[in-house]
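Structural overview
One-letter residues, chain by chain:
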Amino acid sequence: MKTYFECIPCFIRQVLDAARITSDDKQVQLRVLRQALKLASEADLMQSPPAMAQQIHRFIREFTGNPDPYAEIKDKFNKIALQMYPDLRTRIEQSPDPLETAVRLAIAGNIIDFGVSSSIEESHVRQTVAESLEAPLDLDELADFKKAVTEAKSILYLGDNAGEIVFDRLLLEQLPCNKIAFVVKRGPVINDATMADAVTAGITDIVEVIDNGSDAPGTVMESCSEQFRNRFDKTELIIAKGQGNYETLSEIDKNIFFLLRAKCPVAAGHIGCEVGEMILQKTKAFKGEIKNAKI
């Protein structure tokens, strides 16, 4: 998915958010903003939005000297999600279709995205969770998802944000964990999850966890490690969480299921849905050939 003109204001809002988190000095904020505007003006719009965001957030971290501006936010939402986890797990266990409920909750967790929103409150997360249990979900896609999970010999689950990955844990617990590897970012970017967040969320206790070698808020293959790219190529099924992974992988010929909430008009238009919809969708680019390679 390419970058649209409408994406540029979102990048600038992200820059201001990160600058304000990092420093109260208006002059520092102004210098960060000016440089970010320069980077945006020179960007290749044929790249995906996460590829552009990667460059902008690298600059912010280097300029401010803060290696992880969203560290406190990530810690806050990991704690909030872990507080919610026991009740949500009970709800799944008592559900007539535990996997469907877990899918719904995993998608609900995608609301914890500071790349799209400047301010997210705990009450908003709880409201989204409640709504997700009753919101429309494509049950044909769900049936295909269940079949794909059962048939695949290997699965990569691409995580998205801190806090959100606690909701991913609920889904992982309903899947065949012995053939799943969960993927995080190697370096911090916005509130995307890294290995430390996977440990905090308890995901390292139930599945293999690897990093993709990148600090992009999505899966920008050119910036991922060779080890990850090889693993990706050989894996039969990809479960990709979040809008950033959709934006970077939606046109790749691979057996991918996207789980997300459509949070902006550009992404919603590309998906073919309304803003706010819960999405479980198999990639339209997949031509049906699965590589039977050993991992």
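My aim in this report is to walk through the structure given alongside it, one point at a time. As the structure is a prediction and not an experimental result, all values here were calculated from the model.

Moving on, we come to helix 3 (residues 49-64). Across its 16 residues, helix 3 extends 22 Å between first and last C-alpha, which sits within 8% of the 22 Å expected from 1.5 Å per residue. Residues Pro49, Pro50, Ala51, Met52, Ala53, Gln54, Ile56, His57, Phe59, Ile60 and Arg61 constitute the buried set of helix 3. Elements in contact with the buried residues of helix 3: helix 1 (7-22), helix 2 (26-42) and helix 11 (243-249). Following helix 3 by one or two positions, Gly65 adopts a phi angle in the positive range, close to 75 degrees.

This structure, assessed with the given rule, holds six aromatic pairs. Between the aromatic rings of Phe145 and Phe257, the centroid separation amounts to 5.4 Å while the plane-to-plane angle is 75 degrees, which identifies the pairing as edge-to-face. Of the two residues, Phe145 is situated in helix 7 (residues 139-151) and Phe257 in strand 5 (residues 256-261); the sequence distance between them amounts to 112 residues. Per residue, the accessibility class of Phe145 equals that of Phe257, and both read buried. Stacked on the ring of Tyr85, the Lys or Arg Arg169 has its end atom at 4.4 Å from the ring centre. One cation-aromatic arrangement involves Lys254 over Phe232; the distance from NZ or CZ to the ring centre is 5.7 Å.

Within strand 4 (residues 237-241), five of the five residues are buried, which leaves it mostly tucked inside the rest of the structure. Covered by surrounding structure in strand 4 are Leu237, Ile239 and Lys241 together with Ile238 and Ala240, the residues of both alternating faces. As judged from the four bridges shared by strand 1 (residues 155-158) and strand 4, these two strands associate in the parallel manner. By the bridge assignment, Leu156 is partnered in strand 4 with Ile238. Sheet topology note: the strand 4/strand 5 ladder contains four bridges and is parallel. In the strand pairing of strand 5, Ala240 is matched with Phe258. Handedness of the β-α-β unit built from strand 4, helix 11 and strand 5 comes out right-handed.

What counts and how
Residues numbered from 1 in each chain as written. Predicted model: local features only at pLDDT ≥ 70, side-chain atom pairs only at ≥ 80, totals over all residues. Heavy atoms only, no water. Helix = DSSP H or I, 4+ residues; strand = E, 2+ residues; numbered from the N terminus. Expected span 1.5 Å × (residues − 1). Buried < 20%, exposed > 50% of the residue type's maximum accessible area, 1.4 Å probe, protein only. Contact = heavy atoms within 4.5 Å. Phe/Tyr/Trp six-rings, centres within 6.5 Å; stacked < 30°, edge-to-face > 60°. Lys NZ or Arg CZ within 6 Å of the ring centre and 35° of its normal. Pairing = 2+ DSSP bridges. Right-handed = clockwise from strand over helix to strand, strands pointing away.

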